[in-house]
Amino acid sequence: MKWAVVVFPGSNCDEDAAQAVRETTGDVVDLVWHDATDLSEYDAIILPGGFSYGDYLRSGAIARFSPAVEAVRREAGAGKLVLGICNGFQVLTESHLLPGALLRNNHLQFRCEMVELVVDNNTSPFTRAYQLGERIQIPIAHGEGRFHADPETVEDLRKRGRIAFRYAHSPNGSVADIAGILGEGGNVLGLMPHPERAIVDWMGSVDGRRLFQSMHQYVEEGLADARANA
């Protein structure tokens with residue numbers, strides 16, 4: 001299995017994400033500059049945290065026009081796994097690969113702290129290693145992480161099982177305590193907390209490991225099936 005971590009000007013969690021994948025799966029990971037136009041060689045793609053293009057206009061608003069994001073759109077349409085973490089989640093909503101928007105935290109402060117999440121869906125490619133309703137510890141680091149969508153969209157997300165994670169105690173005022181949501185096909189996940197910062201004991205939690213391991217297992221099973229049917 002081969003992963004890509006897309007690097008935008010202003011990304012600062014790209015190396016963390018790549019190291020998390022190596023640490024948890026042993027897979028090959030490439031850091032890919034934002035001008036890449038073809039990501040078809042990769043089985044999974046990560047849009048990392050940071051401040052792409054300095055968060056000018058809005059977080060993720062400029063990054064959505066990068067050639068790599070158009071390549072991400074194609075690969076997502078082909079069923080590849082796409083994970084957007086923090087700023088990556090913002091890029092996914094700005095690109096309309098996920099619904100809603102990420103707004104300023106309701107207290108107007110930047111928060112960097114460990115938070116408790118509740119697993120709301122454990123059947124997706126990203127969450128299959130968790131238990132439904134399990135409470136996990138994953139850190140946040142954002143000032144614009146308040147998920148917002150109209151009531152109809154939120155209800156649709158709920159009814160269709162597209163809310164992957166909720167905050168046990170929302171640190172930012174997100175509607176319905178939403179911390180992470182899935183795309184229409186279930187192969188795109190946007191998540192404000194940072195699973196790549198919860199993979200070894202000294203980080204204070206290892207609960208992020210299973211997200212990357214879930215993705216690895218899902219892809220490897222698909223590759224094994226493809227080889228068997230070839």
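Residues numbered from 1 in each chain as written. Predicted model: local features only at pLDDT ≥ 70, side-chain atom pairs only at ≥ 80, totals over all residues. Heavy atoms only, no water.

The name an unreviewed UniProt entry gives the chain is Phosphoribosylformylglycinamidine synthase subunit PurQ, with Alicyclobacillus sacchari as the organism. Check the Pathway (unreviewed entry) section of the UniProt entry for the chain; it says "Purine metabolism; IMP biosynthesis via de novo pathway; 5-amino-1-(5-phospho-D-ribosyl)imidazole from N(2)-formyl-N(1)-(5-phospho-D-ribosyl)glycinamide: step 1/2." For the chain, the Subunit (unreviewed entry) comment in UniProt is given as "Part of the FGAM synthase complex composed of 1 PurL, 1 PurQ and 2 PurS subunits." (UniProt positions renumbered as here; feature names shortened; annotations may be inferred.)

J.: Describe the pairing of strand β1 (residues 2-7), with residues and values.
T.: The buried fraction of β1 amounts to five of the six residues, a majority that puts the element mostly inside the structure. Strand direction decides the pairing type here: β1 and strand β2 (residues 28-33), joined by six bridges, are parallel. Its bridge partner lying in β2, K2 is registered against V28. The parallel pair β1 and β2 is bridged by helix α1 (residues 14-25), and the resulting crossover is right-handed. The pairing of β1 with strand β3 (residues 44-47) spans three bridges and is classified as parallel. Bridge pairing in β3 links V5 to I46. (Buried < 20%, exposed > 50% of the residue type's maximum accessible area, 1.4 Å probe, protein only. Helix = DSSP H or I, 4+ residues; strand = E, 2+ residues; numbered from the N terminus. Pairing = 2+ DSSP bridges. Right-handed = clockwise from strand over helix to strand, strands pointing away.)

J.: Hey, could you go over the environment of A149 for me, with residue numbers and the actual values?
T.: As for its position among the elements, A149 is in the loop between β8 (146-148) and α4 (151-159). For A149, a relative accessible area of 9% puts it in the buried group. The residues touching A149, leaving out its near neighbours within four places in the chain, are G100, V154 and V175. (Contact = heavy atoms within 4.5 Å.)

J.: Can you tell me about the nonpolar core, naming the residues and giving the values?
T.: Ranked by size, the top nonpolar core spans 67 residues in total, and within it F165 and L211 carry the most contacts. Broken down by element, this core gets its largest block of residues, five residues, from helix α2 (residues 67-77). (Core = buried A, V, L, I, M, F, W, Y, C linked by side-chain atoms within 4.5 Å.)

J.: Quick rundown of the packing of aromatic side chains? Include the residues and the values.
T.: Each aromatic ring pair is characterised by the separation of its centres together with the angle its planes make. Under the counting rule described, the total for this entry stands at three aromatic pairs. With centroids separated by 6.2 Å and ring planes inclined at 20 degrees, the aromatic side chains of F89 and F147 adopt a geometry described as stacked. You can see F89 sitting in helix α3 (residues 87-94) and its partner F147 sitting in strand β8, a full 58 residues away along the chain. (Phe/Tyr/Trp six-rings, centres within 6.5 Å; stacked < 30°, edge-to-face > 60°.)

J.: Residue-level account of the sheet that holds strand β4 (residues 81-85), with values.
T.: By definition, the strands of a sheet pair up through backbone hydrogen bonds, in either a parallel or an antiparallel sense. Read from one edge of the open sheet, nine strands run β2-β1-β3-β4-β11-β10-β9-β6-β7, paired in mixed fashion. Both outer strands of the open sheet, β2 and β7 (135-142), are each paired with one neighbouring strand and no more. Mean inter-strand twist for the sheet, computed between neighbouring axes without regard to direction, equals 25 degrees. Where strand β9 (residues 163-167) and strand β10 (residues 178-182) come together, three bridges link them in antiparallel fashion. Each residue of the ladder has a partner; that of I163, found in β10, is I181. Packing against the sheet, α4 makes contact with β9 and β10, and its axis sits at approximately 70 degrees to β10. (Axes fitted to C-alpha atoms, helices over the stretch in contact; angles between N-to-C directions.)

J.: Which residues make up the state of the cysteines, and what are the values?
T.: Under the counting rule described, the total for this entry stands at zero disulfides. Here C13 is not disulfide-linked; the sulfur of C86 is the nearest cysteine sulfur, at 6.8 Å. Given the relative accessible area of 2%, C13 is considered buried. Not part of a disulfide, C112 finds its nearest cysteine sulfur in C13, a span of 9.8 Å. Exposure remark for C112: the relative accessible area of 59% places this residue in the exposed category. (Disulfide = S-S within 2.5 Å.)

J.: Tell me about the UniProt feature "active site" (unreviewed entry) in the chain, and please be specific about residues and values.
T.: UniProt tags C86, H194 and E196 as "active site" (unreviewed entry). A maximum C-alpha distance of 11.0 Å is found for the annotated residues, which run over 111 residues; spatially they form one tight group. Mapped onto the fold, H194 is located in the loop between β11 (188-191) and α5 (209-228). Dropping the residues within four chain positions of it, H194 is found in contact with C13, G49, I85, C86, I138, P139, I140 and A141. Here E196 lies in the loop between β11 and α5. Judged by relative accessible area, which is 2%, E196 ranks as buried. Filtering out sequence-adjacent residues up to four positions away, E196 remains in contact with C13, D16, A17, A20, I85, M203 and F212. Of the polar contacts made by the side chain of E196, one reaches the side chain of H194; its length is 2.7 Å. (Polar contact = N/O pair within 3.5 Å; in protein donor to acceptor, adjacent residues only side chain to side chain.)

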